[in-house]
Amino acid sequence: MCDNEEIVMDTKLHRLTHKLKQVLSPISKMFITPLTSRSIILFILFFCISFGYYGLWMWFPELFKRVQNGGSICSNVSRPSSTVLPQNDTCYPIKTEGVIATV
């Protein structure tokens, strides 16, 4: 009975490796000699664009919440406010009354 289970597992493993080779075969064609550098550059470019896109969409709700509450978009909310630390004079609260009224 144990030999029968090993044969079944070996068959399943063989099918899985065969499927993986079928799936990865077209991808490996992108890395043949004349296309290698272009493919790597495009993968890096795609990663950077995707990272930036999803990073911004994760950050925008927090940014909009700060602006809606009258805060500054350049304030650092992770830094505790203290009277000992100097205030950041370059970041003034944004006036949103006119912007919200026009929308």
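Now for a description of the structure that goes with this document. Because the structure is predicted, anything quoted here is derived from the model rather than measured. (Residues numbered from 1 in each chain as written. Predicted model: local features only at pLDDT ≥ 70, side-chain atom pairs only at ≥ 80, totals over all residues. Heavy atoms only, no water.)

Turning our attention to helix α2 (residues 36–68). Taking 1.5 Å of rise per residue, 33 residues should cover 48 Å, and α2 covers 48 Å from first to last C-alpha, within 8% of that figure. Every buried residue belonging to α2 is among S39, S50, L63, R66 and V67, and all of these are buried. Note on α2: the residue one or two positions beyond its end, G70, has a positive phi of about 85 degrees. (Helix = DSSP H or I, 4+ residues; strand = E, 2+ residues; numbered from the N terminus. Expected span 1.5 Å × (residues − 1). Buried < 20%, exposed > 50% of the residue type's maximum accessible area, 1.4 Å probe, protein only.)

This part covers the pattern of salt bridges. Summed over all chains, the structure comprises one salt bridge. Residue K65 pairs with E62 through a salt bridge whose shortest N-O separation is 3.7 Å. With K65 and E62 both in helix α2 and three residues apart, this pair spans about one turn of that helix. (Salt bridge = Lys/Arg side-chain N within 4 Å of Asp/Glu carboxyl O.)

What follows covers the side chain of S39. Among the structural elements, S39 can be located in helix α2. If we ignore the near neighbours within four places in the chain, the residues touching S39 are M30 and F31. (Contact = heavy atoms within 4.5 Å.)

Let's shift gears to a nonpolar patch on the surface. On the surface, L13, L16, L20, V23, L24, I27, M30, F31, I40, F43 and I44 cluster together into a nonpolar patch covering about 1,000 Å² of accessible area. Those elements that provide at least two residues to the nonpolar patch are α1 (2–28) and α2. The element that contributes the greatest number of residues to the nonpolar patch is α1, accounting for six residues. The topology assignment puts I27 in helix α1. The partly exposed category is assigned to I27, whose relative accessible area is 39%. (Patch = residues over 30% accessible without salt bridge, like charges linked within 9 Å, V, L, I, M, F, W, Y side chains within 5 Å. Areas by Shrake-Rupley, 256 points an atom, 1.4 Å probe, with all protein chains shown as cover.)

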